[in-house]
Structure formats: C-alpha cells, structure tokens
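Analysis of the macromolecular model
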Amino acid sequence: MSDRASSTDSRVELLAELEDREGTLQQVSDVIANTDQPFIAQVEELLAVVREAVGTEYATFSFVDDTTYVFEALDAPTDVELEAGTSVPLSELPNCKHVIETEETLVIEDVEADAPELADSTWGIACYLGTPVYADDGVYGTFCFYGMNPRDEEFSEWDVTVIELLSNWLSAELERREREQSIRDAKLQMEAAAEAGAVGTWEWSIPDDEFVTGPSFAKKFGVDPDAAREGVSLERFVSSIHEEDRERVERKIDAAVESCGEYEAEYRVWNEAGERRWVLARGHVECADDGTPRTFPGALIDITERKKDEQLLKALNDRLRATNERLENFAHAASHDLQEPLRMVSTYLQLLETRHGDELSEEAHEFLGYAVDGADRMREMVDSLLAYSRVEGAGSRFTAVDLNDVIADVQTDLQQLIEESEGEVVVEELPCVEGDVNQLRQVFQNLLENAIQYSGDDPPHVHISVEAERESEVVVSISDEGIGIDSDDQDRIFDVFERLHPHGEHRSTGIGLALCERIVERHGGEIWVESEPGEGSTFFVSLST
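Residues numbered from 1 in each chain as written. Predicted model: local features only at pLDDT ≥ 70, side-chain atom pairs only at ≥ 80, totals over all residues. Heavy atoms only, no water.

Notes on the packing of aromatic side chains
Across all of its chains, the model carries 22 aromatic pairs by this definition. Ring plane angle 90° and centroid distance 5.1 Å describe the contact between F143 and F145, whose orientation is recorded as edge-to-face. Here the two residues F143 and F145 agree in accessibility, since each one is buried. Ring-pair connections join several aromatic residues into one group, and the members of that group are W202, W204, F211, F217, F221, F237, Y263, Y267 and F296. Lying across the ring of W278, K307 places its NZ or CZ 4.5 Å from the centre. (Phe/Tyr/Trp six-rings, centres within 6.5 Å; stacked < 30°, edge-to-face > 60°. Buried < 20%, exposed > 50% of the residue type's maximum accessible area, 1.4 Å probe, protein only. Lys NZ or Arg CZ within 6 Å of the ring centre and 35° of its normal.)

A short note on the packing of helix α14 (residues 437-453) against helix α15 (residues 512-522)
The interhelical angle for the contact between α14 and α15, taken along N-to-C directions, is 145°, at an axis separation of 9 Å. The crossing of α14 and α15 is left-handed. Each of Q439, Q442, V443, N446, L447 and N450 in α14 lies in contact with α15, whose residues at this interface are G512, L513, L515, C516, I519, V520 and R522. Among the residues forming the contact of α14 with α15, the class breakdown is seven nonpolar, five polar and one charged. (Axes fitted to C-alpha atoms, helices over the stretch in contact; angles between N-to-C directions. Helix = DSSP H or I, 4+ residues; strand = E, 2+ residues; numbered from the N terminus. Left-handed = near helix turned anticlockwise from the far one by under 90°. Contact = heavy atoms within 4.5 Å. Nonpolar A, V, L, I, M, F, W, Y, C, P; charged D, E, K, R; others polar.)

Side note on the sheet that holds strand β4 (residues 106-108)
Through backbone hydrogen bonds, the strands of a sheet pair up, either in parallel or in antiparallel fashion. Pairing is antiparallel in the open sheet, where six strands are placed in the order β3-β2-β1-β6-β5-β4. Sheet topology places β3 (87-89) and β4 at the edges, where each strand pairs with a single neighbour. For this sheet, the mean inter-axis angle between neighbouring strands, taken without regard to orientation, is 25°. Relative to β3, strand β2 (residues 68-75) is paired through three bridges, and the arrangement is antiparallel. What sits directly across from Y69, in β3, is V88. Against the sheet, helix α2 (residues 39-54) makes contact with β1 (58-65), β2, β5 (127-135) and β6 (138-147), and its axis sits at roughly 75° relative to β2, the strand it touches most. (Pairing = 2+ DSSP bridges.)

Quick word on helix α3 (residues 94-102)
At 3.6 residues per turn, the α-helix brings residues three or four places apart onto the same side. Restricting attention to buried positions, one finds in α3 the residues P94, N95, C96, V99 and I100. The elements touched by buried residues of α3 are β1, β2, β4, α4 (111-114), β5 and β6. With its phi angle positive at about 55°, E103 sits one or two positions after the end of α3.

Re the side chain of D75
With respect to the helices and strands, D75 occurs in strand β2. A polar atom in the side chain of D75 sits 2.4 Å from the side chain of R51. The residues touching D75, leaving out its near neighbours within four places in the chain, are L47, A48, R51, E57, Y58 and A59. (Polar contact = N/O pair within 3.5 Å; in protein donor to acceptor, adjacent residues only side chain to side chain.)

A few points about the pattern of salt bridges
A full pass over the atoms with the stated rule returns 18 salt bridges. R251 serves as the salt-bridge partner of E247, at 3.4 Å between the closest nitrogen and oxygen. Here R251 and E247 lie together in helix α9 (residues 243-259), a separation of four residues that amounts to about one turn. According to the relative accessible area criterion, E247 is exposed, its value standing at 55%. (Salt bridge = Lys/Arg side-chain N within 4 Å of Asp/Glu carboxyl O.)

Regarding α14
Look at α14: 24 Å from first C-alpha to last across 17 residues, which is about the 24 Å you get at 1.5 Å a residue. Residues of α14 that are buried include every one of Q439, L440, V443, F444, N446, L447, L448, N450, A451 and I452, and no others. Where α14 begins, the side chain of D436 points an oxygen toward the backbone nitrogen of N438, at a separation of 3.1 Å. (Expected span 1.5 Å × (residues − 1).)

Some details on a nonpolar patch on the surface
A contiguous nonpolar surface patch, about 290 Å² in accessible area, is contributed by L14, L15 and L18. Among the structural elements, L18 can be located in helix α1 (residues 3-33). For L18, a relative accessible area of 44% translates into the label partly exposed. (Patch = residues over 30% accessible without salt bridge, like charges linked within 9 Å, V, L, I, M, F, W, Y side chains within 5 Å. Areas by Shrake-Rupley, 256 points an atom, 1.4 Å probe, with all protein chains shown as cover.)

A closer look at unusual backbone geometry
Of note, D66 is a non-glycine position whose phi angle comes to about 55°, a positive value. Within the fold, D66 resides in the loop between β1 and β2. With a phi close to 50°, D209 is a non-glycine residue in the positive phi region. Tracing the backbone through its elements, the reader meets D209 in the loop between β7 (199-205) and β8 (210-213).

Brief notes about the state of the cysteines
Here the structure, examined in full by the defined rule, presents one disulfide. The disulfide partner of C260 is C287, and the gap between their sulfur atoms is 1.7 Å. Its S-S torsion of approximately -95° makes the covalent link between C260 and C287 left-handed. Of this pair, C260 sits in the loop between α9 and β9 (262-270) while C287 sits in strand β11 (residues 286-287), and the two are 27 residues apart along the sequence. We note that C96 lacks a disulfide partner, and the nearest cysteine sulfur, in C144, lies 4.1 Å from it. Residue C144 is classed as buried on the basis of its relative accessible area, which comes to 0%. (Disulfide = S-S within 2.5 Å.)

See below:
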C-alpha cells in the first residue's frame, strides 16, 4: 500500500473516531439535560453510554460507607447476577479502595502486569478506569469502568477526561440533592400547631375530598374545629382565602395534584374573628403507582408578623431611595450653583491681573495667585463631592471587567505624569471581576496617581499584582516605595477632606481615597492600606470575581 493510501486510511480512521466521540458527548449531553427523569435513571444511562465508548464490560456508580461498597447504579452483562443495592466488603475491590483512599483517578490496562498489588481474587478485575465522586466535603464513592480481561489498547486521554468531567457533574448533583433534602426535612419538621395558631398541619384525602386538620389550623380559616377534626371539603377552607389570592392558590393546588408534585403558596385568609392573616402553606401530593393522586399532606405557618416587617422594610427602603434621589439632585444643583460664582471669581481675578498687572506690586501679584489657586481648588472639591455623592445613583450595571484593560487605560491617562517623574510601573497578570468599569478605572487611577505623587525624592516604583485569589474574590495590591503613611493616619485617610500634607506640598482635594472606598463598598469589597513611614505603602482592594 502506498504512503498516500496509508495516510488516507489514517485520516478516515481519525474522522470516524472523532464522529464516535462527538456522538458520545451528544448522548451524554442529552441525558444530563433530561432533568425530568430521576437522578439514578440518569446515572444508569450515563454508565451505559460511557461504558460502550471506553469499551469495558462493566460500569458502576457506587457509595462507600467505611468498609462497605454499595452498587447504586450499574451497567453490566445480562448474565451477571449483580444489581443495584448490592453491597460487598470494600476489601474485595482493591482498585476502588485505592481510588477512595488516594482520591485520584486510577487507570490500569492490565492489573496483573502493571499493578499486581491491586489484583483481587473474588471478582477477577483485569483492567480498570475509575475516579472518585465527592459529596459533603468528602469522598462519596466511585464512578468506574472495568473488565475481566486485559486491554489490548490503552485507555485514551479522552476516556479519562470524560469520566472525570462526569464525576464532577455527579458530585455537583449529589450536593444539590443533599441541599434539597435538607429543605424537605425542614418542611416536614413543621408539625403540631401551637394553641396560639402559629403553625398547623393538614391532610387532604383527595378521592374522598376530606380535609382534616387541628383546631388551631381550623380557626385560622374560620372553620369549626370539631368539623375540621372529622374532615370537611377542601372548598370549605379555600372559601376563606382572600378573594384576591383565591384563584392563584387554586391553580397551585390543581398543578400539584396533576403532577403529584410539591406545593407552596403565600396568601391571606380571614380567621374566625374576621381578621386578615398572612399564611405560608407547603405540602406535597402522594400518588399511587399508577399515578392516581391519593393524599395531600402539608403544613401551614402564620407569617403575618413577618409580612408586616417586610412591608415596613419596603416602606423604609422606598423612603431611603427617595431621600437619596433628593440628596443626589441637591448635590448636583448645589455643585452647579457653586461652580458659577467660583468661575466668576477666578475669571475676574485673572482679568484684574491681565489689565492692571503693571500697576500691582509683587505682593499683590502673589495675593492674586493665591486667590485664583483657591478658587480653582474649591471648584475641584465641588466636582469631587459631586462624584462622591453619585457613586450609587450614577453607577452603571455590573459586567465582566478585565483588570488588565483597566490598568492599561489608567497608565495611558497618566503617561505624562509617569514620564515626567521618571516612574516605573510593573503590572502582573490580573483577573476579570464583576463591576462597573468606569468606577473601577477611577479607583485604580486614583491609587496609581497617589503612588506616583507621594514617591518622595526618588523616581517612583509601583508594583500592581494579585495578592490573593479565592473562589469568588480577588485581592489586588498596589505597592510603592514612597514616603509611607504613619500608622495613626492609615484609617483617617479614607475620610472625606482628610489631608496628611499641606496644600503646597501635594495638590489634593482630600476626597480621592474616600471616593475609592465608596466605590469599592458598592462592589461589595474592601480597601485598606499597610504602610511604614519612609518604607512605602501597599493599598489592597478586594473585589468579587
């Protein structure tokens, strides 16, 4: 066969292999997407799909309890007497025991030849591919594929990657199921109504339409307690529901009955005294094997006080929002009204110097310079106050922000300052965060500008890097070798109008760091500084990723 023919055959084989893998991944995706079927049914389908793809005889998903191995789901030859629920000593399965103890994926094509210490005398497993599954901060069990004969071909990297990805999905699903079970357990703990009627339970026999409950529950709906103890129609209770909520509650009840599912509803009822009360009802419909709804048990909580608190909190929030809007409008109007006279003062002072400068003494020129400078600084302070007051209201919605791009933009804006000071700025790779890109640019521009401005007599050296990175948070540090900050001043530098140096030494409005702190707080983070006088400063900014 020619080299060209051989190359063609290789490409055909490669394409066929890629198509097989694509088909397997599509089947896996379809199984995972089908959330209507039970979890174990999904696992069984995944085992069958992947077992065929990797080419083994057996595929199992297990739970391990100390020294016991329990088969929760499996895919095996039909003539093998093995079924879900079977448990065996873990010592009989040294391969699985090794995965549990090391918490690592195990890949063996020939157990006798490659790992004789993991050979077993009971099952005769000759090849093995398995990985741990986690739940509740520990190893739950294994997800593994094995056969009784050594493999002619090695398990591929693709085989290993697929089972490890599915193990991650299984671990996440187990965590989700545990959380949901905790919620269900909490619901079932709501029993035995107190005499005050805070909590009550019910059971509705659907075929007989007999709704049975205790006296506290019945009183909540204005129903005779003796009749409710014997059982009355559901309609008798539903008729006491507030007319604006009744149709919605009936739809939820019908949906739970039709689906044999969960039920939850908040609504208002009229009690025996004619008072309106808020309640929270939770229950579930129990059905026969043929899907016929049988019983509908549940529990009820009086949440009237909670609703009053929620309404009060909403009213307070509305008032606070309105107050903030008024304050923002006031700040904007005040800044505009202040800017005009300041601009006029500055303009006329400059005109005075231009037209009558020859007539003024050197001291008068000095006084005019102070006056113009003061007016300019006042205008800058007004602008800064306006920016500070509008951090919440004028901010944009949060998006993914690449901090590398933010720092690059800041360096461009400060290029002239950096060059004039002969400064050096070193930036390490930074992550993406969730935030307002314009406000984050303000924060880092202010911090970098301060680092350059307070560098002392030597050219500034600034280092920007990631100090710490956790699952949902990153801490970015901005370090300099400048004049530093005394420990007694490190908290107050974030207060409005706090300045550590006279105006003549460093030009500042005294609002920049306060603005940084407010922006970072809007992002759910913190800003702080560590510094020694003469040794430089490091500012830290924590942000959500």
